[in-house]
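Breakdown of the fold
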Amino acid sequence: MGNINIFDLLITASGIYLVYTAIAMKRNGELKTGVIISKDIDVNKIRDKEGFIRYMFGKALILGILAVAVGLLGIFNTRWNGPEYLSLIGVGGYLAVLVFFGVASSKAKKMFIDPHES
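Scoring rules and cut-offs
Residues numbered from 1 in each chain as written. Predicted model: local features only at pLDDT ≥ 70, side-chain atom pairs only at ≥ 80, totals over all residues. Heavy atoms only, no water. Helix = DSSP H or I, 4+ residues; strand = E, 2+ residues; numbered from the N terminus. Expected span 1.5 Å × (residues − 1). Buried < 20%, exposed > 50% of the residue type's maximum accessible area, 1.4 Å probe, protein only. Contact = heavy atoms within 4.5 Å. Axes fitted to C-alpha atoms, helices over the stretch in contact; angles between N-to-C directions. Parallel < 35°, antiparallel > 145°, perpendicular 65-115°, else oblique. Left-handed = near helix turned anticlockwise from the far one by under 90°. Core = buried A, V, L, I, M, F, W, Y, C linked by side-chain atoms within 4.5 Å. Polar contact = N/O pair within 3.5 Å; in protein donor to acceptor, adjacent residues only side chain to side chain.

In this section: helix H3 (residues 84-113). Given a rise of 1.5 Å per residue, 30 residues ought to cover 44 Å, and the 42 Å separating the end C-alpha atoms of H3 matches this to within 8%. For H3, the full list of buried residues reads Ser 87, Gly 90, Tyr 94, Phe 101, Ala 104, Ala 108, Phe 112 and Ile 113. Where the residues of H3 are buried, they touch helix H2 (49-79).

If you want it as structure tokens, here you go:
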């Protein structure tokens, strides 16, 4: 039996935290900086906070769930000496969704946070 990879644990934990943050954001309308929104952004200056939450909620939830799945896949795969390609497929899919999330975050920033130029 193999050891558990610390990176798999970190990916799983970050996924759980992202799911928690997305649900909390949707429930009480509060944005946590450093998770879904950059630390350098003043959340009080967001033009359309509800629109931002609607736009980012599903994307953050999917990324969090996928992070948990990839982390658990890696843990189980390492623990029971599964084929390495399973972990690689999981990480590849996670990275693709992470890129999608980054693009969506950038788009959300332009749509809901940055001031419109007149």
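On we go from here.
Moving on: the packing of helix H1 (residues 6-28) against H2. In a packed pair of helices, the relevant descriptors are the angle between the two axes and the axis-to-axis distance. Packing of H1 against H2 leaves a shortest axis separation of 7 Å and a crossing angle of 155°. Relative to H2, the element H1 is oriented roughly antiparallel. Crossing of H1 against H2: the hand is left-handed.

Membership of the largest hydrophobic core comes to 23 residues, with the highest contact counts inside it found for Leu 31, Ile 36, Ile 37, Phe 52, Met 56 and Ile 113. At the level of elements, H1, H2 and H3 are the ones that each hand at least two residues to this core. Sort the elements by how many residues they give to this core and H2 lands first, with 9 residues. Those residues in contact with Phe 52 that lie beyond four places of it in its chain are Leu 31, Ile 36, Ile 37, Ala 108, Phe 112 and Ile 113.

Moving on to H1. Relative to the 33 Å expected for 23 residues at 1.5 Å per residue, H1 spans 33 Å between its end C-alpha atoms, a close match to the ideal helical length. Taken together, the buried positions of H1 are Asp 8, Thr 12, Gly 15, Leu 18, Val 19, Thr 21, Ala 22, Ala 24 and Met 25. Residues of H1 that are buried make contact with H2. Near the N-terminus of H1, the side chain that reaches the backbone nitrogen of Phe 7, with its oxygen 2.9 Å away, is that of Asn 5. Gly 29, located one to two residues past H1, shows a positive phi value of around 70°.

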